[in-house]
Amino acid sequence: MENKPMKTLKTITLFVLVGFVGLFGYANIRQLSISEKLKAVHLASFTLKGNLNSEEKLALEKKVSALAGVTACSVNREGNIVSVIFYPEQTNETTLASLLSNQGKLTVTQKQLAISGGCPVHKVNANFSAFVAVLDIRN
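Residues numbered from 1 in each chain as written. Predicted model: local features only at pLDDT ≥ 70, side-chain atom pairs only at ≥ 80, totals over all residues. Heavy atoms only, no water.

(A) Seen up close, the sheet that holds strand 4 (residues 107-111). Here we have 4 strands laid out as an open sheet, ordered 2-3-1-4, and antiparallel in their pairing. Two strands lie at the open edges of the sheet, namely strand 2 (70-75) and strand 4, each paired on one side alone. On average, each strand axis in the sheet is tilted by 25 degrees relative to the strand beside it, whichever way the strands run. With 5 bridges joining them, strand 1 (residues 42-49) and strand 4 adopt antiparallel strand pairing. In the sheet register, Ser45 faces strand 4, and the bridge partner there is Lys111. (Pairing = 2+ DSSP bridges. Helix = DSSP H or I, 4+ residues; strand = E, 2+ residues; numbered from the N terminus. Axes fitted to C-alpha atoms, helices over the stretch in contact; angles between N-to-C directions.)

Written out as structure tokens, the structure reads:
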């Protein structure tokens, strides 16, 4: 005859194991959303110090956009902020900053963007989605 604590431990262990197997099955059977099928991109924002006329701003934007891995580049109207969306496997912030310096004519500093905030309910959902993505062996 088993004692009560051992039976309780076995029941809890079985419950957790069944829950994990069910979550693992869900992670690998569910249909991936369109955004989950896309490669991850990064956003970097830079502050420029120096004088740029409108032709130089356009040329700088085109030069950065032509870089491998860059999906979008935008220079604001004043020419002092540049935002770039890129694939981190193909390029990085250092390469972007050196290209933006325009052969040393401009001083470039990377802006630190906020990485947290928002609704706590969305954070819980994001954490659950991240956990499910880790269990997904299709990727």
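Having seen the model, we can carry on.
(B) The arrangement of a nonpolar patch on the surface in detail. Together, Leu17, Phe20, Val21, Phe24, Phe131 and Ile137 make up an exposed nonpolar region whose accessible area comes to about 590 Å². Looking at the nonpolar patch element by element, the count peaks at 4 residues for helix 1 (residues 4-29). Within the secondary structure, Phe20 is located in helix 1. Since its relative accessible area comes to 41%, Phe20 is described here as partly exposed. (Patch = residues over 30% accessible without salt bridge, like charges linked within 9 Å, V, L, I, M, F, W, Y side chains within 5 Å. Areas by Shrake-Rupley, 256 points an atom, 1.4 Å probe, with all protein chains shown as cover. Salt bridge = Lys/Arg side-chain N within 4 Å of Asp/Glu carboxyl O. Buried < 20%, exposed > 50% of the residue type's maximum accessible area, 1.4 Å probe, protein only.)

(C) Expanded view of the pairing of strand 2. Relative to strand 3 (residues 81-86), strand 2 is paired through 5 bridges, and the arrangement is antiparallel. The partner of Ala72 across the bridge, within strand 3, is Ile85. What sits between strand 2 and strand 3 in their antiparallel hairpin is a turn of 5 residues, with Gly79 showing a positive phi close to 80 degrees.

(D) Structural view of helix 4 (residues 93-100). N-capping of helix 4 is provided by Asn92, with a side-chain oxygen placed 3.2 Å from the backbone N of Thr94. Once helix 4 ends, the next one or two residues include Asn102, with phi positive near 55 degrees. (Polar contact = N/O pair within 3.5 Å; in protein donor to acceptor, adjacent residues only side chain to side chain.)

(E) Highlighting the environment of Ser101. Its location among the elements puts Ser101 in the loop between helix 4 and strand 4. Its relative accessible area of 15% is what places Ser101 among the buried residues. Taking the C-alpha atoms as reference, Ser101 lies 7.9 Å from Leu48; in sequence the two are 53 residues apart. Setting aside residues no more than four positions away along its own chain, Ser101 makes contact with Leu106 and Val108. (Contact = heavy atoms within 4.5 Å.)

(F) Region of the structure containing the environment of Phe20. Between the alpha carbons of Phe20 and Leu135 there is a distance of 9.8 Å; along the sequence they are 115 residues apart. Those residues in contact with Phe20, other than ones at most four positions away along the chain, are Phe131 and Leu135.

(G) Representation of the nonpolar core. Membership of the largest hydrophobic core comes to 15 residues, with the highest contact counts inside it found for Leu48, Val64, Val82, Val84, Leu96 and Leu100. Elements with a contribution of two residues or more to this core: strand 1, helix 3 (54-65), strand 2, strand 3 and helix 4. In contact with Leu96, not counting residues within four places along its chain, are Phe46, Val64, Leu67, Val70, Val84, Phe86 and Thr91. (Core = buried A, V, L, I, M, F, W, Y, C linked by side-chain atoms within 4.5 Å.)

(H) Representation of the side chain of Thr91. Positionally, Thr91 belongs in the loop between strand 3 and helix 4. Other than its neighbours up to four places away in sequence, Thr91 contacts Leu67, Ala68, Gly69, Val70, Phe86 and Leu96.

(I) Just the pairing of strand 1, in detail. Across 6 bridges, strand 1 lies against strand 3 in antiparallel orientation. Among the inter-strand pairings, Thr47 is bridged to a residue of strand 3, identified as Ile81.

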